[in-house]
Amino acid sequence: MPAVTVEDPLTLPAVDHPDPATTTPRPVVSVTSAPSGFEGLGFPVRRAFAGVDRSRLDPFVHMDQMGEVEYAPGEPKGTDWHPHRGFETVTYMIDGTFEHHDSTGGGGLITNGATQWMTAGAGILHIETPPQELVASGGLFHGIQLWVNLPAAQKWVDPRYQDIAADSVTLLRSEDGGALVRVVAGEVAGHRGPGVTHTPIALVHATVSPGAELVLPWPRDFNALAYVLGGRGAVGAEGRPVTAGQLAVFGPGDTLTVRADEHQDQAAALDVLLLGGLPIREPVAAQGPFVMNSRAELIQAFEDYQAGRLGTIPAQGR
């Protein structure tokens, strides 16, 4: 699981350990296991948010862990052209390569540690596929796709594409260097990630060495989630056990605690995705590729797509 790393984490800026006398650790409300499924043209996913009350996820709507899978030659798969409206899609590649194109002309290669941040807004068509050389060779494929809701006032913004290169991600460490913290979007302890978001959120990928602990300050008005990408450990001040493919939902407070087990099974460390955002607290009507506020808006989105009003597939993508 390479993503972005450094040989010596001690060369990075440190996140000071929050003062327990003036901060409140967030308790763990629930731990759920993500069921497996298939997406697009048949690539395997884990449905990270399955079984979790939507009010605890707000402003997030959906998240898939794509892989981790080792493809044989000819096996890699992606998606066909499809529409979106009313939210943002975030594709974070940990291992492997995806190729993105959309109806605004945005796109490119998303590879180890890079992120594609696409604001669908009023409407967009896009496609994500493995490049032909990866299809021919096969290889490791592992990533995350996250859907971030937009408030009603911003659902009709113009579509936007951000290519967040791996080397632009903000890198931090825990005080003792036992945890590497990658800030993709939002702010952690005064350090801001490169992702520009309409909805205030934080998106962090942390690698915690065996036996190490990471305690991060977290905005009180944000919700807080931890999804285990790989390895074993515990979350919350109470030390709730978690393992790969599980989502922990935190309660109120202003710090997050993640600990890696001293002995890992297959993994070299505990890899966890930490995410949270300012809840929108608006009605959510979601179906297929659209996330709106009402059934009437959903119907309009499907009608607009069928009428060709959500964009046109570029000539090179046909």
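The structure displayed is predicted, hence computed values, not measured ones. (Residues numbered from 1 in each chain as written. Predicted model: local features only at pLDDT ≥ 70, side-chain atom pairs only at ≥ 80, totals over all residues. Heavy atoms only, no water.)

A few points about the sheet that holds strand 4 (residues 43-47)
Heads up, the rule is: Strands are treated as partners if at least two bridges between them are detected by DSSP. Each helix is a run of H or I in the DSSP string that is no shorter than four residues. Each strand is a run of E no shorter than two, and both are numbered from the N terminus. Between the N-to-C directions of two axes lies an angle of 0 to 180 degrees, each axis being a line fitted to C-alpha atoms and, for a helix, fitted only over the stretch in contact.
The sheet built from 7 strands is open, its strands ordered 3-4-5-12-7-10-13 with antiparallel pairing. Sheet topology places strand 3 (36-39) and strand 13 (160-164) at the edges, where each strand pairs with a single neighbour. Here the average twist between neighbouring strands, direction ignored, is 25°. Bridging between strand 3 and strand 4 involves 4 bridges; their strand directions are antiparallel. In the sheet register, Glu39 faces strand 4, and the bridge partner there is Phe43.

Section: the pattern of salt bridges
Inclusion rule: Just to be clear on terms, a salt bridge is a Lys or Arg side-chain nitrogen sitting within 4 Å of an Asp or Glu carboxyl oxygen. Think of it in three bands: residues with accessible area under 20% of the maximum for their type are buried, residues over 50% are exposed, and the middle band is partly exposed, with areas taken using a 1.4 Å probe on protein chains only.
Throughout the structure, instances matching the rule amount to 9 salt bridges. A salt bridge links Arg192 to Glu187; the shortest N-O distance between them is 3.1 Å. The class of Glu187 is partly exposed, set by a relative accessible area of 40%. Notably, a salt bridge pairs Glu213 with Arg259, separated by 2.9 Å at the nearest N-O pair.

Concerning the side chain of Thr170
The condition is simple: Throughout this description, a polar contact denotes any pair of N or O atoms lying within 3.5 Å of each other; where both atoms belong to protein, one of them has to be capable of donating a hydrogen while the other can accept it, and for residues adjacent in sequence the pair is counted only when both atoms sit in side chains. Should any heavy atoms of two residues lie within 4.5 Å, those residues are considered in contact.
Structurally, Thr170 is set in strand 14 (residues 170-174). Relative accessible area serves as the criterion here: at 18%, Thr170 is assigned to the buried category. Here the side chain of Thr170 touches Arg192 through a polar contact of 2.7 Å, landing on its backbone oxygen. Residues contacting Thr170, with those up to four places away along its chain left out, are Val181, Arg182, Val183, His191, Arg192, Gly193 and Pro194.

Some thoughts on the sheet that holds strand 21 (residues 232-235)
On the basis of which strands lie adjacent, the open sheet formed by 4 strands has the order 19-24-21-22 and antiparallel pairing. Two strands close off the open sheet at either side, each with one partner strand: strand 19 (213-217) and strand 22 (240-243). The average angle at which neighbouring strand axes cross in this sheet is 25°, direction not considered. Bridge analysis of strand 21 against strand 22 gives 4 bridges, and the strand direction is antiparallel. Bridge pairing in strand 22 places Ala234 opposite Pro241.

Concerning the packing of aromatic side chains
Stated precisely, the cut-off is as follows: Pairing of aromatic side chains here covers Phe, Tyr and the six-membered ring of Trp, requires ring centres within 6.5 Å, and sorts the geometry by plane angle: under 30 degrees stacked, over 60 edge-to-face, intermediate tilted.
Following the criterion strictly, the structure yields 2 aromatic pairs and no others. Taken together, a centroid distance of 4.4 Å and an interplanar angle of 35° make the contact between Phe87 and Trp147 tilted. Taken together, the residues span a long stretch of sequence, with Phe87 in strand 7 (residues 87-95) and Trp147 in strand 12 (residues 139-149) at a distance of 60 residues. Both residues of the pair, Phe87 and Trp147, belong to the buried class.

Details of the environment of Gln306
Tracing the backbone through its elements, the reader meets Gln306 in helix 3 (residues 295-306). By relative accessible area, which is 65% here, Gln306 ends up exposed. Sequence-wise, Gln306 and Asp95 are 211 residues apart; in three dimensions their C-alpha atoms are separated by 35 Å.

Describing helix 3
Selection rule: One less than the number of residues in a helix, times 1.5 Å, gives the span that helix is expected to have. Throughout, the arc means that of the directions going from the helix axis to the C-beta atoms.
For helix 3, which comprises 12 residues, the first-to-last C-alpha distance of 17 Å matches the rise-based estimate of 16 Å (1.5 Å per residue) to within 8%. Those residues of helix 3 not exposed but buried are Leu298, Ala301 and Asp304. All buried residues of helix 3 project into a common sector of 125° when viewed along the axis, lining one side. Counted as exposed and oriented over 90 degrees from the buried face of helix 3: Arg295, Ala296 and Gln306. Lining the buried residues of helix 3 we find strand 26 (285-287) and strand 27 (290-292).

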